[in-house]
Amino acid sequence: MSFDRWIALVILSISLIYSYAAFFTMDHLLPPFMQRNPVWPSTFPKILGILSIIVSSSIILGLEKNKHKNNGTEIDYRRIFDYNLGPAIFLVIMMALYAITLRPLGFFISTITFLAVSGYVLGERKIIILFFVAASASFIIWYLVEQVLGIYLRPLPTIF
Amino acid sequence: MLEGLLIGLETAFSLKNLFMVVGGCIIGTFIGMLPGLGPMSIIAIMIPVAITLGDPAAALILLAGVYYGAIFGGSTSSILLNAPGVAGTVATSFDGYPMAKAGMAGKALTIAAISSFAGGTIGAILLMIFAPALSSVALFFHSAEYFALMIVGLSAIAAFAGTGQVSKAILMTLLGLMMATVGEGALYNMPRFTMGLMDLQSGFSFITLAMAIFALPEAIFLVLNPARASHSESNKIENLRITKEEAKSIAPVIGRQSVQGFFIGVLPGAGATIASFLGYAVERNIAPAHEKKDFGKGSIKGLAAPETANNAACTGSFVPLLTLGIPGSGTTAILLGALIALNVSPGPRLMTDEPQIFWAVIISMYIGNLILLILNLPLIPYIAKILTIPRTFLIPFILFFTLMGSYIGQNNATELLILVGLGVCATIMRLANYPMAPLLIGFILGQMLEDNFSRSMQLYDGINFIMERPMTMVLLFLAAFLVILPYLRLAKSKKAS
């Protein structure tokens, strides 16, 4: 089974769960006066659920033929290990870590670490320049966000 | 109309808004030049800044400037590096890059700039003519017609999807609509599909979703395939002049493609990509035999046609956005999201209720095009220096701005985890060739579609509104036809072969 059909299978599963919630769980919470309405909060989701089950099933069953052998994207998933997969996964993990550490470590430490480590992983070896660029960019962005846009960004760790 | 136009002129020519349009054009050109970053990603990154301005006119003017700048910047990287930033500028590289390789990079950039300017300006004139006319018709629309019109818009996206992509485009639209139902809807005031999570109580954030499905996958693709961001063979930009004969030769092309591109841009789902390819194909087909052989080898007509068409289409795409409140493309969907975030409801009443926004945006299009011509063209050799930024610095910054954009929009660290999760899912889907723009359009239209559907159901006590309002029925038939159109085309081509 091709990759796009696996994706369609995942979406079909999501659609089934979504439809189950729309058909069997949502209407219990409905107050009696709303039950006389021709349209309920679950009406639109029910329609969407059914339609997405039909469309995702049609992709899984291959009802619409795609003549192109190449899947049309610039990255061929069949040769995914030939690409820079390691650094890409590492950067995704770095982003998740940035999200987790932004508040407890503060903006400066988490941002400088994120920018410097990401640059290093991508092959930058001029450590001093990398650190200098990361630090100055962090300060400029912090100043713009906090002082110009007026959005609070905790600059230092919580203990300070 | 004249009064509105004057208010728009006053708004657009205020110092703040002039600064916005100049800034937007320059930022858009800078970032749009970076291979892999299209207007959608750039506008998504700029939205938090625009929303923070608090002034809808200034915000939309800034974002429109960024949009034009990004298209112009994308053309520059297509010409100089054969690395189109977006699909809409792919056709530009067919003749632009061979010209650059032949030592005519400056001339190619001038032709691109003049064509873009003419396409954008003629498009803005057509917009001034057609938008008020469409607005006055749309004033007669009720919620039933709006519901049907949105269904037509969503169906058209599927109709214009490529071969083998129709089901995927429909599925992505449905997924976007499903995501829009998460959270507490305004109409029912009860949480839906939140799974008990407080962070989903207000639904998915539009900014986070836009960042996750456009900017983040682009950055991950740049990491996966470093060749995409290599800028080693930048061509030298010297002579920017074009001759009188060359100007005469491209003038009719510009005229034709401005009009054609504009009307293609008006169609939901068509947009700049189809306009540029169609413009290129039309001009190649009607060119005399001795000029036809130059297409693909550095023809100035081959360069002028897609450049004019894609800019005119960009302007055309504002017609359904400003008059009906229906985005025809991913980019206008992002702009619509920004307007909603600023408490502005685009639609037929926008022209009368908020003329300062409606007309200021149209006038800023003229200003933006002029700025791109007179400011960017002489600066291009310097702006092109951005292409020399190493990817080791570029990619972390793209990721950082994506994260910051989402964080600033919501001021919530959990939003960043949602961004990363959605971004990874979007990257995987893009690897499987699922189109992402329909998802965002579905998400943006979801709430409005459901509101209009529910209102019509309540007014007509059920589904009767389809039968009782002929216009609704006609529009729904049109939508059904648009959905089956690609299959009919396929069946016809099978029969022919």
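Please read these numbers as outputs of a predicted model, since none were measured by experiment.

## A closer look at the overall build of chain A
In terms of regular secondary structure, chain A is built from five helices and zero strands. Secondary structure elements of chain A, listed N to C terminal, follow the sequence α-α-α-α-α. With respect to the three principal axes, the spread of C-alpha positions in chain A is 65 × 55 × 25 Å. Burial analysis of chain A (160 residues in total) assigns 26% to the buried set. In chain A, the share of contacts with a sequence separation of at least 24, taken over all contacts with a separation of at least 6, comes to 61%.

## Observations concerning the overall build of chain B
If you tally the helices and strands in chain B, you get 22 helices and two strands. C-alpha atoms of chain B, sized along the principal axes, occupy 70 × 55 × 50 Å. Buried residues in chain B amount to 63% of all 497 residues. Considering only intrachain contacts with a sequence separation of at least 6, the fraction spanning at least 24 residues in chain B is 79%.

## Some words on the interface of chain B and chain A
Contacts between the two partners involve 53 residues from chain B and, on the opposite side, 59 residues from chain A. Of all the secondary-structure elements, those providing two or more residues to the side of chain B that touches chain A are helix H8 (166-180), helix H9 (206-224), helix H18 (391-410), helix H19 (413-431) and helix H20 (437-459) of chain B. In terms of residue count, the dominant contributor to the side of chain B that touches chain A is H18 of chain B (10 residues). Residue composition of the side of chain B that touches chain A, grouped by class: 34 nonpolar, 13 polar and six charged.

## Details of the packing of helix H6 (residues 105-138) of chain B against helix H10 (residues 244-266) of chain B
Residues and elements named next belong to chain B. It is at 9 Å that the axes of H6 and H10 come closest, and there the two elements cross at 45 degrees. As judged from the angle between their axes, H6 and H10 are oblique. Considering the relative orientation of H6 and H10, their crossing is right-handed. When H6 is examined against H10, the residues Ile-111, Ser-115, Ala-118, Gly-119, Ile-122, Gly-123 and Leu-126 are found in contact with a partner set consisting of Ile-250, Ile-254, Gln-257, Ser-258, Gly-261 and Phe-262. Among the residues making up the contact of H6 with H10, the classes are represented as seven nonpolar, six polar and no charged.

## Considering the packing of helix H2 (residues 43-60) of chain A against H8 of chain B
As a packed pair, H2 of chain A and H8 of chain B sit with axes 9 Å apart at the nearest point and diverge in direction by 150 degrees. In this view, H2 of chain A runs roughly antiparallel relative to H8 of chain B, as classed from their interaxial angle. Of the two possible hands of crossing, H2 of chain A and H8 of chain B adopt the one that is left-handed. In contact with Leu-48, Leu-51, Ser-52, Val-55, Ser-56, Ser-58 and Ile-59 of chain A of H2 of chain A, H8 of chain B contributes Ser-167, Lys-168, Ile-170, Leu-171, Leu-174, Leu-175, Leu-177 and Met-178 of chain B.

## Focus on the domain arrangement of chain A
Domain boundaries in chain A define domain 1 (3-79) and domain 2 (85-148). Just the C-alpha atoms count here: the centres of domain 1 of chain A and domain 2 of chain A sit 38 Å apart.

## Digging into helix H4 (residues 107-121) of chain A
For H4 of chain A, spanning 15 residues, the distance from its first C-alpha to its last is 21 Å, which sits close to the expected 21 Å at 1.5 Å a residue. Two residues or fewer after H4 of chain A comes Gly-123 of chain A, characterised by a positive phi angle close to 115 degrees.

## Digging into the environment of Val-282 of chain B
Residues and elements named next belong to chain B. One can find Val-282 in helix H11 (residues 271-286). On the basis of neighbour counts, which here come to 16 C-beta atoms within 10 Å, the residue Val-282 falls in the partly exposed class. Spatially, the C-alpha atoms of Val-282 and Leu-177 are 36 Å apart, while their sequence positions differ by 105 residues.

## Focus: the nonpolar core
Grouped together as the largest cluster of nonpolar side chains are 202 residues, with contacts concentrated most on Ile-43, Ile-61, Leu-63, Ala-210 and Leu-440 of chain B. There are two domains that each give this core at least three residues, and those are domain 1 (3-79) and domain 2 (85-148) of chain A. Those residues in contact with Ile-61 of chain B that sit more than four places away from it in its chain are Ala-12, Asn-17, Met-20, Val-21, Ala-360, Val-361 and Ser-364 of chain B.

## Here we look at the environment of Thr-173 of chain B
All names here are of chain B. Checked against the element boundaries, Thr-173 lands in helix H8. Residues Thr-173 and Ile-441, 268 residues apart in the sequence, show an inter-C-alpha distance of 7.0 Å. When neighbours within four sequence positions are excluded, Thr-173 is seen to be in contact with Leu-154, Ile-157, Pro-438, Ile-441 and Gly-442.

## Section: unusual backbone geometry
Residues and elements named next belong to chain B. Phi is positive for Phe-193, which is not a glycine, with a value near 55 degrees. With respect to the helices and strands, the residue Phe-193 is situated in the loop between strand S2 (191-192) and H9. By the C-beta count within 10 Å, which is 19 here, Phe-193 ends up partly exposed. With phi around 65 degrees, Asn-433 is a residue other than glycine that occupies positive phi space. With respect to the secondary-structure elements, Asn-433 resides in the loop between H19 and H20.

## What about the confidence of the model for chain B?
Considering every residue of chain B, the mean pLDDT works out to 82; 91% of them sit at 70 or more. ipTM for the predicted complex: 0.91, alongside a pTM of 0.78.

## Observations regarding the confidence of the model for chain A
Of the residues in chain A, 92% reach a pLDDT of 70 or more, and the chain-wide mean stands at 86. Per-residue pLDDT, averaged within each element of chain A, yields its smallest value for helix H5 (residues 127-148) of chain A (87) and its largest for H2 of chain A (94).

Thresholds applied
Residues numbered from 1 in each chain as written. Chains lettered and ligands numbered in written order. Predicted model: local features only at pLDDT ≥ 70, side-chain atom pairs only at ≥ 80, totals over all residues. Helix = DSSP H or I, 4+ residues; strand = E, 2+ residues; numbered from the N terminus. Buried ≥ 20, exposed ≤ 12 C-beta atoms within 10 Å, placed from the backbone. Contact = placed C-beta atoms within 7 Å. Nonpolar A, V, L, I, M, F, W, Y, C, P; charged D, E, K, R; others polar. Axes fitted to C-alpha atoms, helices over the stretch in contact; angles between N-to-C directions. Parallel < 35°, antiparallel > 145°, perpendicular 65-115°, else oblique. Left-handed = near helix turned anticlockwise from the far one by under 90°. Domains from an automatic or database assignment. Expected span 1.5 Å × (residues − 1). Core = buried A, V, L, I, M, F, W, Y, C linked by C-beta atoms within 7 Å. pLDDT = per-residue confidence, 0-100.

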